[in-house]
Amino acid sequence: MRYKYVSHLTDLKDLKHIEWFVLHSQEYEFATDRARTLRDRLQKNIHKKNILYSEIVTDYEELVRHFDNDLYHYQFELTGEDPDKWLFSNIPVNYFVPAEDKDGGQYTVPYQYIVENRINYDFVEMSKRHTQLLSDSQKRAESTFQAVQDHYMRYWVGGGVRDALDRYQGIRYGSDYHILRTVLLFVLYNILLGIALQESQFIGILTHPWQLISTEATAQFAPYNLFTGHRVLGIIAFLLVLYFVFMDAVYAYGIYYMIYMKQKYGMVKKYHEEVLRLLEPFQKDFEQCRKGITGPVSKIRNRDSVYIPLIRKVSRGYDFTSGKMAPAEKGETPQPLLQSVRVPVPGFYTRPIHKCLIGLVIALIFITAICNPYNMILF
């Protein structure tokens, strides 16, 4: 083997930085068998620089080439594992920077070696290089974090989830609906309405409306046969039943709408709670990244358990529009109206079912009285 080791060398040519690396190898993580083999060989060969100079340089350069020289990637692993990297360190000053000796030779050395041998280097310049190395690493990490944050904001604000949950909170997350009570009243309402329909022969009148004003005794649905001859009272009774049938449709739609809204917005709320469960550790990591690293770090492996699931969660979209367009000024683009979390039929609230139920009872007494001759006598 050709002899390469000569006297009067610079410290880098004399492999002092490699000696330092071997001496501090316990501060690095050798993650593969190949990395550990190279480490062991360096520890053995470094004492024979005059004989194994080339082998030492080759092994060291291979290790440096496979070192993950991105401290923030080491800490957060935002872009996943790199199979080409199998040497790591959690100590910022152990990261490698380019250096030159007085003869202009180019080397890659641990920054801490420069710190301990600053007299031989332009220490201000080397500090700038190390600071820039960490700064670039931080910017890359922040950019990735910000991209995920922006994706969340598109779901939260742009996707209308925030406004939807605010509207849902305005009705105390559906507790203002009183669905059970309304359903029970609706059942009672329909029992009474069914009696009114039967007593008034409403369906028959509806299919034979001309007979409602007929005076012929043979007309099956004439007031003479249905309402003991009271034509005006019979028409009033028919109109009353028609009104309560209309309100029944309003209440049926209202109950359906409330159940649908509670199911839909309740699902959105529950889904968003899962998003928040992931968002909390994500934002904690993001804040830690923004603060920067000043000392030894520990691995934060939240990529597969937090970051990716969060991205998938907030990729979901909802349609919170009503299908109608808001009025727009001339030249402006009409915007879709947001879906109301309350029943959009005003009558559902202006004529609540419990009050309408009282009216139905009174109307039923009136209808029964004029439809039954015996009741008419009592009436």
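The coordinates are above.
Below is a summary of the structure that appears in this document. Counting of residues starts from 1 at the beginning of each chain's written sequence and follows it residue by residue. Where totals are concerned, whole chains, interfaces and linings use all residues; where local detail is concerned, this predicted model gives features only for residues with pLDDT of at least 70, and gives and counts side-chain atom pairs only at 80 or more. Note that water and hydrogens are dropped before the side-chain values are worked out from all heavy atoms of the structure.

A few points about helix α11 (residues 231-291)
Then, number 1: Relative to the 90 Å expected for 61 residues at 1.5 Å per residue, α11 spans 86 Å between its end C-alpha atoms, a close match to the ideal helical length.
Then, number 2: The largest bend along α11 measures about 25 degrees and falls at Leu279, with the proline Pro281 one to four residues further on.
Then, number 3: Backbone geometry just downstream of α11 places Gly292 in the positive-phi region, at approximately 90 degrees. In this description a helix means any DSSP run of H or I spanning at least four residues, a strand means any run of E spanning at least two, and both kinds are numbered starting from the N terminus. The length a helix should cover is 1.5 Å for every residue beyond the first. Values of bend correspond, residue by residue, to the angle between axes fitted over the seven residues ending at that residue and the seven starting there.

Let's talk about the packing of aromatic side chains
Then, number 1: Think of it this way: a Phe, Tyr or Trp ring, Trp meaning its six-membered ring, pairs with another when their centres are within 6.5 Å, and the plane angle makes it stacked under 30 degrees, edge-to-face over 60, tilted otherwise. Tallied over the entire structure, the rule returns 31 aromatic pairs.
Then, number 2: Taken together, a centroid distance of 6.2 Å and an interplanar angle of 50 degrees make the contact between Phe21 and Phe96 tilted. Of this pair, Phe21 sits in helix α1 (residues 16-23) while Phe96 is found in strand β3 (residues 96-100), placing the two residues 75 residues apart along the sequence. Each member of the pair, Phe21 as well as Phe96, is classed as buried.
Then, number 3: Joined through ring pairs, the aromatic side chains of Phe21, Tyr28, Phe30, Tyr60, Phe67, Tyr95 and Phe96 make up one cluster. Whether a residue is buried, partly exposed or exposed follows from its accessible area with a 1.4 Å probe, protein chains only, as a fraction of its type maximum: under 20%, in between, or over 50%, in that order.

Points about a nonpolar patch on the surface
Then, number 1: Every patch collects residues that have over 30% relative accessible area and no salt bridge, joining them within 9 Å if they carry like charges and within 5 Å if they are nonpolar side chains (Val, Leu, Ile, Met, Phe, Trp, Tyr). For the accessible areas, the method is Shrake-Rupley and the probe is 1.4 Å, while residue cover comes only from the protein chains on display. Here a salt bridge means any side-chain nitrogen of Lys or Arg lying within 4 Å of a carboxyl oxygen belonging to Asp or Glu. A cluster of nonpolar side chains, Val187, Leu188, Ile191 and Ile195, forms an exposed patch at the surface whose accessible area comes to about 320 Å².
Then, number 2: Relative to the helices and strands, Val187 is located in helix α8 (residues 179-200).

Some words on the environment of Trp156
Then, number 1: Residue placement: Trp156 occurs in helix α6 (residues 123-158).
Then, number 2: Trp156 gets classed as buried once you look at its relative accessible area, which sits at 19%.
Then, number 3: Each C-alpha atom of the pair Trp156 and Gly317 lies 9.6 Å from the other, and the pair is 161 residues apart in sequence.
Then, number 4: Whether two residues touch is decided by their heavy atoms; if any such pair falls within 4.5 Å, the residues are in contact. Beyond its immediate chain neighbours, meaning those up to four positions away, Trp156 contacts Val161, Arg162, Leu165 and His272.

Points about unusual backbone geometry
As a rule of thumb, non-glycine residues mostly have phi less than zero, and peptide bonds are mostly trans rather than cis.
Then, number 1: Phi is positive for Leu15, close to 65 degrees, though the residue is something other than glycine.
Then, number 2: Looking at where Leu15 falls in the secondary structure, it is placed in the segment before α1.
Then, number 3: A residue is classified by how much of its surface remains accessible, and Leu15, at 1% relative accessible area, is buried.
Then, number 4: A positive phi angle is found at Arg172, which is not glycine, with a value near 55 degrees.
Then, number 5: The residue Arg172 is located in the loop between α7 (161-170) and α8 in this model.

Here's the deal with the pattern of salt bridges
Then, number 1: Under the counting rule described, the total for this entry stands at 19 salt bridges.
Then, number 2: Here Asp304 ties to Arg303 by a salt bridge, and the two come within 3.4 Å at their closest N and O atoms.
Then, number 3: According to the relative accessible area criterion, Arg303 is partly exposed, its value standing at 23%.
Then, number 4: Each of Asp14, Lys16, Glu19 and Lys49 takes part in a single network of salt bridges with overlapping partners.

With respect to the side chain of His130
Then, number 1: In this structure, His130 sits in helix α6.
Then, number 2: A relative accessible area of 6% places His130 in the buried class.
Then, number 3: Excluding residues that lie within four positions of it along the chain, His130 makes contacts with Pro92, Val93, Tyr95, Val97 and Tyr111.

Observations regarding the packing of α6 against α11
Then, number 1: Axis definition: a line fitted to C-alpha atoms, over the contacting stretch in the case of helices. Angles run 0 to 180 degrees between N-to-C directions. Their axes nearest at 10 Å, the elements α6 and α11 cross at an angle of 155 degrees. The angle between the axes of α6 and α11 places the two elements in the roughly antiparallel class. Relative to α11, α6 is oriented so that their crossing is left-handed. Across from Gln138, Ala141, Glu142, Phe145, Gln146, Val148, Gln149, Tyr152, Tyr155 and Trp156 in α6, the residues of α11 making contact are Tyr271, His272, Val275, Leu276, Leu279, Phe282, Gln283, Asp285, Phe286, Cys289, Arg290 and Lys291. Note that the term roughly parallel is reserved for angles under 35 degrees, roughly antiparallel for angles over 145, roughly perpendicular for angles of 65 to 115, and oblique for everything else. Helix crossings fall into two classes, left-handed where the near helix is turned counterclockwise from the far one by less than a right angle and right-handed where it is turned clockwise.

Points about the packing of α7 against α11
Then, number 1: It is at 10 Å that the axes of α7 and α11 come closest, and there the two elements cross at 120 degrees. What the angle tells us is that α7 and α11 run oblique. Our pair here, α7 against α11, has a crossing hand that is left-handed. Between α7 and α11, the residues in contact are Val161, Ala164, Leu165, Arg167 and Tyr168 and Lys262, Tyr265, Gly266, Val268, Lys269 and His272, respectively.

Some thoughts on the nonpolar core
Then, number 1: Throughout this description, the term nonpolar core refers to a set of buried Ala, Val, Leu, Ile, Met, Phe, Trp, Tyr and Cys residues connected via side-chain atoms within 4.5 Å. Core analysis: the largest hydrophobic core is formed by 99 residues, its most contacted members being Phe21, Leu63, Tyr155, Tyr189 and Phe282.
Then, number 2: Here the element with the most residues in this core is α11; it accounts for 19 residues.
Then, number 3: Excluding residues that lie within four positions of it along the chain, Tyr155 makes contacts with Gly160, Val161, Tyr271, His272, Val275, Val314, Arg316 and Tyr318.

Details of the pairing of strand β4 (residues 106-110)
Then, number 1: The pairing criterion is simple: DSSP has to find at least two bridges between the two strands. As defined by bridge partners, β3 adjoins β4 across five bridges and the pair is classed as antiparallel. In the sheet register, Glu100 faces β4, and the bridge partner there is Gln106.
Then, number 2: Hairpin connection of β3 to β4: five residues between the antiparallel strands, including Gly104 at a positive phi of 85 degrees.

Points about α6
Then, number 1: With 36 residues, α6 extends 49 Å between its outermost C-alpha atoms, agreeing within 8% with the 52 Å of an ideal straight helix rising 1.5 Å per residue.
Then, number 2: Positive backbone phi, approximately 80 degrees, marks Gly160, located one or two places after α6.

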